[in-house]
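Here is how the chains run, residue by residue.
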Amino acid sequence: MTNQSTFKTYRTLLGIVMAFAILDHTRLFFHYWNTNPADLDHTTWPLFFTRFISHYFAPAVFFITGLELFHIMGKKTKTQNVWYLFSLGSALILIEIFINNFLYTFDIYYRTIGVFIIGSLGLCIFCMAGFQYCSRTFILVISLSIIAGHHLLDSIQFEGHSMKTVIWYLLHQQKYIPLGQNMYIINYTILPWLGIILSGYFFGSYYRPECSAVIRKKILLYSGWISICLFFLLRSVNDYGESNPWKIEVSTSKTILSFFNLTKYPASLDYILITLGPVFLFLAYAENLKNKIADFFFTLGNYPLFTYLFSTFIIHLAAMLSLYFQGKPLQMMIITSASYNSESPLNHYGYSLTTVYILSSAFILICYFTIKRIKSAN
């Protein structure tokens, strides 16, 4: 069982990356519509940075989920764990399909269904039912093998929507599947995210009360700095670890952006190294951190699923209301695949990045005070 101090540390981290996610979702709904921050011909440093910091959200969520599963599963029998993991995974998948997809689209006809972070987390949790029978060493080997070796599967590409191909898409191939007016999206594949949740599960043993805080910090520091150094080494070589090679651009600033322009779907090895590395360092340095800022983010991260869903709802609702006050039809903000084509009326909609930062700060505060109100009511 983990102590309150370490629990607060990784819940504070969840709150910080949750704020990054809220910022990115605000950008999606309020910045100039369908703008691609990774398009180096048209992006800016602030826009690229706004998207880049959101990359820390998913790795932190999967890693911390692994940590928490280690402690939760340690209190139950293996049979109880099977039922717990099946129930939890099923609940997350249902929340993804019926709640999260609706909050992104506001489409009562569900013409767009995606497997995003919540659904992928549910699928990976299913897999943990089997891994609970494995030794820590085996889990570490499998975790590292998945994270470092999943690129060996990149050349395997399927087309169509048969059962076999859909299973492969869920495993390792990002895919958009149009079927009539419907669009099915698979962004977060099981590989490599299963490797990250397994790494969190492995690290869980370092958070047991009998484990020395000095040893835990040393392990986290080594893991963090090694991950960051490996990122710069692999990215410099520009070969294995990233399907999107960087290149010399017309300016030094564009070249730097190219260097850090990483693949998230499916997450590349370079992407994982430069995101998990700082996560390890934060967990190492921020333990026992006590101040008002840490308390703020702890509150935000202590109810992560609620914060994620509620923030998506208020962001999308606010975007719809902004159309109303501009005298535009609310239906414009019901998102379907047609919302992204060249004839979409949303192509002329959007606000500056400064406005996005102001609005995201407001949304974060709304989430914070809503959680405080719920806590005080209980």
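Let me sum up the structure you'll find in this document. Treat the numbers as computed from the prediction; the structure is a model and nothing was measured.

### Re the overall build of the protein chain
Next up, step 1: Tallying secondary structure elements over the protein chain gives 14 helices and three strands in all.
Next up, step 2: Its C-alpha atoms give the protein chain a radius of gyration of 21 Å, within 12% of the compact-globule value 21 Å for 378 residues.
Next up, step 3: Across its three principal axes, the protein chain shows a C-alpha extent of roughly 60 × 55 × 45 Å.
Next up, step 4: Residue pairs at least 24 apart in sequence account for 75% of intrachain contacts in the protein chain once pairs closer than 6 positions are excluded.
Next up, step 5: Looking at the protein chain, you have 25 positive and 16 negative side-chain charges, and the mean spots of the two groups are 13 Å apart.

### Remarks on the packing of aromatic side chains
Next up, step 1: If you walk through the whole model with that rule in mind, you get 41 aromatic pairs.
Next up, step 2: Aromatic pair Phe-48 and Phe-52: ring centres 6.3 Å apart, planes at 15°, arrangement stacked. Separated by four residues within a single helix, Phe-48 and Phe-52 lie in helix α2 (residues 45-54), roughly one turn from each other. Across the pair, Phe-52 and Phe-48 agree in class, each one buried.
Next up, step 3: Considering the side-chain rings of Phe-102 and Tyr-110, the 6.2 Å spacing of their centres and the 40° angle between planes classify their relative orientation as tilted.
Next up, step 4: Exposure remark for Phe-102: the relative accessible area of 27% places this residue in the partly exposed category.
Next up, step 5: Given the relative accessible area of 26%, Tyr-110 is considered partly exposed.
Next up, step 6: An aromatic cluster is present here, built from Phe-48, Phe-52, Tyr-56, Phe-231, Phe-232, Trp-246, Phe-259 and Phe-260 joined pairwise through their rings.
Next up, step 7: Here the guanidinium or amino end of Lys-76 rests over the ring plane of Tyr-84, the centre of that ring lying 5.2 Å away.

### Let's talk about the pairing of strand β1 (residues 112-115)
Next up, step 1: Neither face of β1 is exposed, since Thr-112 and Gly-114 on one face and Ile-113 and Val-115 on the opposite face are all buried.
Next up, step 2: Where β1 and strand β3 (residues 182-186) come together, four bridges link them in parallel fashion. Considered in β3, the bridge of Gly-114 is made with Ile-185.

### A word on the sheet that holds β1
Next up, step 1: Read from one edge of the open sheet, three strands run β1-β3-β2, paired in mixed fashion. Across the chains shown, the open sheet's two edge strands, defined by having one partner strand only, are β1 and β2 (175-179). Looking at each pair of strands side by side, their axes are set apart by 10° on average, direction ignored.
Next up, step 2: Relative to β3, β2 runs antiparallel, the two being bridged by five bridges. Among the inter-strand pairings, Lys-175 is bridged to a residue of β3, identified as Ile-186.

### Remarks on the nonpolar core
Next up, step 1: Membership of the largest hydrophobic core comes to 105 residues, with the highest contact counts inside it found for Phe-63, Ile-117, Trp-193, Ile-197 and Met-333.
Next up, step 2: Those residues in contact with Ile-197 that sit more than four places away from it in its chain are Phe-62, Thr-65, Gly-66, Leu-69, Leu-121, Cys-124, Ile-125 and Met-128.

### Thoughts on the pattern of salt bridges
Next up, step 1: If you walk through the whole model with that rule in mind, you get eight salt bridges.
Next up, step 2: The salt bridge partner of Lys-8 is Asp-295, with a shortest N-O separation of 2.6 Å. With Lys-8 in helix α1 (residues 4-30) and Asp-295 in helix α12 (residues 292-301), this pair connects stretches of sequence that are 287 residues apart.
Next up, step 3: Exposure remark for Lys-8: the relative accessible area of 22% places this residue in the partly exposed category.
Next up, step 4: We classify Asp-295 as partly exposed; its relative accessible area is 33%.
Next up, step 5: Between Lys-175 and Glu-159 there is a salt bridge, and its shortest N-O distance comes to 2.6 Å. Residue Lys-175 is found in strand β2, and its partner Glu-159 is found in the loop between α6 (136-149) and α7 (163-172); the two are separated by 16 residues along the sequence.
Next up, step 6: The exposure class assigned to Lys-175 is buried, which follows from its relative accessible area of 14%.
Next up, step 7: In this structure, a network of salt bridges that share partners links the residues Asp-24, Arg-27 and Arg-51.

### Let's talk about the packing of α1 against α2
Next up, step 1: Viewed as axis vectors pointing N to C, α1 and α2 meet at an angle of 135°, and their least axial separation amounts to 8 Å. Comparing the axis directions of α1 and α2 gives the class oblique. In this structure, the crossing between α1 and α2 has a hand that is left-handed. Residue-level inspection shows Phe-20, Leu-23, Asp-24 and Arg-27 of α1 in contact with α2, the latter providing Leu-47, Thr-50, Arg-51, Ile-53 and Ser-54.
Next up, step 2: Of the residues belonging to the contact of α1 with α2, the class tally is four nonpolar, two polar and three charged.

What counts as what
Residues numbered from 1 in each chain as written. Predicted model: local features only at pLDDT ≥ 70, side-chain atom pairs only at ≥ 80, totals over all residues. Heavy atoms only, no water. Helix = DSSP H or I, 4+ residues; strand = E, 2+ residues; numbered from the N terminus. Rg over C-alpha atoms; globule rule 2.2 N^0.38 Å. Contact = heavy atoms within 4.5 Å. Lys, Arg positive; Asp, Glu negative; His and termini not counted. Charge placed at Lys NZ, Arg CZ, Asp CG, Glu CD. Phe/Tyr/Trp six-rings, centres within 6.5 Å; stacked < 30°, edge-to-face > 60°. Buried < 20%, exposed > 50% of the residue type's maximum accessible area, 1.4 Å probe, protein only. Lys NZ or Arg CZ within 6 Å of the ring centre and 35° of its normal. Pairing = 2+ DSSP bridges. Axes fitted to C-alpha atoms, helices over the stretch in contact; angles between N-to-C directions. Core = buried A, V, L, I, M, F, W, Y, C linked by side-chain atoms within 4.5 Å. Salt bridge = Lys/Arg side-chain N within 4 Å of Asp/Glu carboxyl O. Parallel < 35°, antiparallel > 145°, perpendicular 65-115°, else oblique. Left-handed = near helix turned anticlockwise from the far one by under 90°. Nonpolar A, V, L, I, M, F, W, Y, C, P; charged D, E, K, R; others polar.

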